[in-house]
Amino acid sequence: MAVLETITSPADLKRLPAEQLETLAQEIRTFLVAEVSRSGGHLGPNLGVVELTIAIHRVFDSPSDTVVFDTGHQSYVHKLLTGRQDFSGLRTRGGLSGYPSRAESPHDVVENSHASTSLSWAEGIATGYRLRGEERHAVAVIGDGALTGGMAWEALNNIAARKDLPLVVVVNDNERSYAPTIGGLADHLAMLRTNRQYEQVLDWGKDKLHRTPVVGRAAYQAFHSMKKGAKDFWAPQGMFEDLGIKYLGPVDGHDEASVEQALRRARAFGGPVLVHVITQKGRGYEHAYNNVADQFHAVGKINPETGLPLEISGRSWTDEFGDEMLRLGAQRPDIVAITAAMMMPVGLQPFAEAYPDRIFDVGIAEQHATTMAAGLAFAGMHPVVAIYATFLNRAFDQLLMDCAMHKAGVTFVLDRSGVTGPDGASHHGMWDMSLVSLVPGLRLAAPRDGQQIRLAVREAADVDDAPTVIRFPKGSVGDPIEATATIDGLDVLSGDPAVDPEVLLVAIGSMAGTAATVAEKLAAEGHSTLVVDPRWVLPVPTALVDLARRAGRVAVIEDNNVAGGVGAEVARALDEAGLAVPVHRFGLPKEFLDHASRAQVLETVGLTPDPIVERLRTHL
């Protein structure tokens, strides 16, 4: 029997002889490559934390001790060691989540996959345990990429003041978040990785002085008391210790015994300790480790023998944006781009290669990115901030107060909007239109195809007195959906503009195809329809209000939270215009949606043609 098959809980792992741990690590890596190749998922990060996760579960007593993974995409090994070894449905409906999930196991705590939150969670948990008089620890596992987020440093500042807090911070340092980590913190950690002279000097001193008769031990104690100055000279980890946090490391993250020893020392310390562990993303799988771009941070279905994808994707929405940015950059020297540790995923790599002085990767710091963009706009540039739609949530205050209130000409490009599928609740980009609908002066475009993305990027770049937002979904972009007519800036996608329609269907972005199918089905039943795409959907165009005067009713179809979305804004605009035209809103329900394919999620919530037609039929 394989060693991995004998592990059903951390208790089994604790009983495992130390000489079997290397075999276990090898089996885990083989398992991950085989299973993630079939389903897709976060392969590289998990290959890098095998020994680290084994050590954590041998030293601490989960779930009595709480382990919090920052972002959680590196929790596959944790799942295996806590009794979840059926990966056949990973990231699919009914199968294991790609992130920690409370519904799956009492060993999982934080499901939110937004980065830089683990230290705040862990401080709160550890504080609660101490206040209740419970002898329990909290362990936060945070990557060097997530450590670039400002929230992590807010937490560190507070943790340092809690001298008796039963908290261990494990910095999983692989020099990368999605791509290589950059910035001052990255430089500091690099210095810690490469300066081991302090430990060597201390080991030499201990050995030599202990062998010196009579005065040796006293001399060593005196030498050891100078360690703070020695550390600052040889390996400047003083940044952490100056904060008041005990620092251990750097530790080879693939030497399980060394990691285990460091964690035992940290657990016994009696206060907050930071353990700096150096790992290799993609460890043990040549195709991952040798992938320069992202070391297989996240993969689709691949051939495990070659590392090549089994499914060839078509041209993506992201490709359309990236190509247009490259063209626009050549024509407009004032165009600059900002991203938050997502250069490749948001399509900015070609722009970065062409214009290295006009691209800024700020790390996992969306708030900073947004306010920096306001500053760039003030200085005469036109910044384009490209992030995932779900991460705009984190920068709302800066969007509202720094960009909108100051009428800053900043363009936000939101990739992965709407339902994203297998990454689950915290990755669905379903809140952005509800959030930005609150922002005075902001204009939002929802392109229906690649051609419209290119046009919207150029139009947004010409706006210099307000923030603009462009949002589009994940995946392959279809063929262009041509307009049959234009009414005061509204694109007509189907129907006769000269005929007053029973139903005015307002198609928002990628839901244009769904709206067209709904119109066909209603027309087949004898109902007149008109499908329009406003293109710039917020604020609600006056032309759309005027067109609604001629309609029997209006239906808005959007892949955004139905609460506070475009449909709600259309209803408000018609009400303010004194129109009693009914507005039917079709969008995503106000709830957290589980992981499944995009099509499955849309079907589950009724955002597909047949359920929409059925609901409208009851009113017609």
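Throughout this description, residue numbers start from 1 for each chain and increase along the sequence as written. Per-residue local features of the predicted model are confined to residues with pLDDT of at least 70, and side-chain atom pairs are confined, for both listing and counting, to 80 or more; whole-chain, interface and lining totals are unaffected and use all residues. The side-chain figures draw on all heavy atoms in the structure; neither hydrogens nor water molecules are used.

Peer 1: If you had to explain the overall build of the chain to someone new, which residues and values would you point to?
Peer 2: The numbering of helices and of strands both runs from the N terminus, where a helix is a DSSP run of H or I of at least 4 residues and a strand a run of E of at least 2. Summing up its helical and strand segments, the chain has 25 helices and 18 strands in all. Residues classed as buried in the chain amount to 57% of the 620 residues present. By definition in these notes, contact holds between two residues if any of their heavy atoms fall within 4.5 Å. Taking all contacts inside the chain whose residues are at least 6 apart in sequence as the whole, residues at least 24 apart take part in 76%. Total accessible area on the chain is roughly 24,900 Å²; 53% of this is exposed by carbon and sulfur atoms. A simple rule labels every residue: compare its accessible area, found with a 1.4 Å probe on the protein chains alone, to the largest value its type can have, and call it buried under 20%, exposed over 50%, or partly exposed in between. Values of accessible area rely on a 1.4 Å probe in the Shrake-Rupley scheme; residue burial ignores everything except the protein chains shown.

Peer 1: Now, about the pairing of strand E9 (residues 411–415): what can you tell me, with residues and values included?
Peer 2: Within E9, five of the five residues are buried, which leaves the element mostly enclosed by the surrounding structure. Side chains of E9 alternate between two faces, with Thr411, Val413 and Asp415 and Phe412 and Leu414 buried alike. Pairing between two strands requires that DSSP report at least two bridges joining them. Here strand E8 (residues 382–388) pairs with E9 via five bridges, running parallel. Residue Val385 lies in a different strand from E9, and its bridge partner there is Phe412. Orient the strands so they point away from the viewer, and a crossover whose first-strand-to-second-strand path over the helix runs clockwise is right-handed. One crossover worth recording links E8 to the parallel E9 by way of helix H18 (residues 396–404), and it is right-handed. Direction of pairing for E9 relative to strand E11 (residues 468–471): parallel, over a ladder of four bridges. Bridge pairing links Phe412 to Val469 in E11.

Peer 1: Give a detailed account of helix H23 (residues 566–576), specifying residues and quantitative values.
Peer 2: Helical geometry: 3.6 residues make up each α-helical turn, so side chains three or four residues apart lie on a common side. Val566, Gly567, Ala568, Glu569, Val570, Ala573 and Leu574 are the residues of H23 that are buried. Next to the buried residues of H23 lie helix H19 (432–436), strand E16 (536–538), helix H22 (542–548), strand E17 (553–561) and strand E18 (583–588). A positive phi of about 80° marks Gly578, the residue just after H23.

Peer 1: Outline helix H17 (residues 366–378), listing residues and values.
Peer 2: Expected span, for any helix, means 1.5 Å times one less than how many residues it has. Between its terminal C-alpha atoms H17 stretches 19 Å, which fits the 18 Å expected from 13 residues at 1.5 Å a residue. Within the sequence span of H17, burial applies to Glu366, Ala369, Thr370, Ala373, Ala374, Leu376 and Ala377. Buried residues of H17, seen end-on, are gathered within an arc of 165° and therefore sit on one face of the element. On its buried side, H17 packs onto strand E6 (335–339), strand E7 (359–361), E8, H18 and E9. What the arc measures is the spread of directions leading from the helix axis to the C-beta atoms.

Peer 1: So, the sheet that holds E18: which residues are in play, and what are the values?
Peer 2: Taking strand neighbours across the sheet as the criterion, the six strands line up as E12-E13-E15-E14-E17-E18 in an open arrangement whose pairing is mixed. The strands lining the two open edges of the sheet, one partner per strand, are strand E12 (485–487) and E18. Between one strand and the next, the sheet's axes are offset by a mean angle of 30°, whatever the strand orientation. Lines fitted to C-alpha atoms define the axes, with helix axes restricted to the stretch in contact, and inter-axis angles between N-to-C directions lie between 0 and 180 degrees. Packing of helix H21 (residues 512–524) onto the sheet brings it into contact with strand E13 (490–494), strand E14 (503–507), strand E15 (529–533) and E17, and relative to E14 it is tilted by some 160°.

Peer 1: If you had to explain the packing of aromatic side chains to someone new, which residues and values would you point to?
Peer 2: Pairs were defined over the aromatic rings of Phe, Tyr and Trp, the Trp ring being its six-membered one, requiring ring centres within 6.5 Å. Orientation was assigned from the angle between planes: stacked under 30 degrees, edge-to-face over 60, tilted for the rest. Applying the stated criterion to the full structure yields six aromatic pairs. Where Tyr388 meets Phe391, the ring centres are 5.7 Å apart and the plane angle is 10°; that geometry is what we call stacked. Each member of the pair, Tyr388 as well as Phe391, carries the same accessibility label: buried. Grouping aromatic residues by their ring pairs yields a cluster made of Phe31, Tyr76 and Phe87.

Peer 1: Now, about the environment of Ala516: what can you tell me, with residues and values included?
Peer 2: Relative to the elements of secondary structure, Ala516 occurs in helix H21. Take Ala516: its relative accessible area is 25%, and that puts it in the partly exposed class. Residues Ala516 and Ile481, 35 residues apart in the sequence, show an inter-C-alpha distance of 10.0 Å.

Peer 1: With reference to specific residues and values, describe the pattern of salt bridges.
Peer 2: Should a side-chain nitrogen of Lys or Arg be within 4 Å of a carboxyl oxygen of Asp or Glu, the pair is scored as a salt bridge. Tallying each qualifying case throughout the model produces 40 salt bridges. Its salt-bridge partner being Lys14, residue Asp61 comes within 3.0 Å of it at the nearest N-O pair. Here the residue Asp61 occupies a position in the loop between helix H4 (50–59) and strand E1 (66–69), and Lys14 occupies one in helix H1 (residues 10–15), the gap between them amounting to 47 residues. Classification of Asp61 by relative accessible area gives partly exposed; the value is 34%. As a salt-bridge pair, Glu104 and Arg84 come within 2.8 Å of each other at their nearest N and O atoms.

Peer 1: Describe the sheet that holds E9, and please don't skip the residues or the numbers.
Peer 2: Reading across from one edge, E7-E6-E8-E9-E11-E10-E16 is the order of the seven strands in this open sheet, with mixed pairing throughout. A strand with exactly one partner marks an edge of an open sheet, and here the two such strands are E7 and E16. The average angle at which neighbouring strand axes cross in this sheet is 25°, direction not considered. Packing of H17 onto the sheet brings it into contact with E6, E7, E8 and E9, and relative to E8 it is tilted by some 165°.

Peer 1: How would you summarise the side chain of Thr117 if you had to cite specific residues and measurements?
Peer 2: Here Thr117 lies in the loop between helix H5 (76–81) and helix H6 (118–131). By relative accessible area, which is 8% here, Thr117 ends up buried. Not counting chain neighbours up to four residues away, the residues in contact with Thr117 comprise Asp70, Asn112, Met151 and Arg394.

Peer 1: Can you lay out the packing of H6 against helix H7 (residues 150–159) for me, pointing to particular residues and giving the numbers?
Peer 2: Between H6 and H7, whose axes approach to 7 Å, the crossing angle comes to 30°. Taken together, the axis directions place H6 and H7 in an arrangement best described as roughly parallel. Where H6 approaches H7, its residues Leu119, Ser120 and Glu123 are matched on the opposing element by Met151, Ala152, Ala155, Leu156, Asn158 and Ile159. By the convention adopted, Pro, Cys, Tyr, Trp, Phe, Met, Ile, Leu, Val and Ala count as nonpolar, Lys, Arg, Asp and Glu as charged, and the other residues, Gly among them, as polar. Partitioned by chemical class, the residues of the contact of H6 with H7 number six nonpolar, two polar and one charged. Small angles under 35 degrees read as roughly parallel and large ones over 145 as roughly antiparallel, with 65 to 115 read as roughly perpendicular and the rest as oblique.

Peer 1: Kindly report on the nonpolar core, identifying the contributing residues and their values.
Peer 2: In plain words, nonpolar cores are sets of buried Ala, Val, Leu, Ile, Met, Phe, Trp, Tyr and Cys residues tied together by side-chain atoms within 4.5 Å. In this structure, Phe412, Leu504 and Val554 are the most contacted members of the largest nonpolar core, which totals 53 residues. Sequence-distant contacts of Phe412, that is, excluding residues within four places in its chain, are made with Thr370, Val385, Leu392, Leu399, Cys403, Pro467, Thr468, Val469 and Ile470.

Peer 1: Quick one: what's the story with the confidence of the model for the chain, residue by residue and with numbers?
Peer 2: Mean pLDDT over the chain works out to 88, with 86% of the residues at or above the 70 mark. Counting contacts from residues 212–236, a segment whose pLDDT is below 50, to residues more than four positions away or on other chains yields 36 contacts. Scored from 0 to 100, pLDDT reflects the predictor's confidence in each residue.

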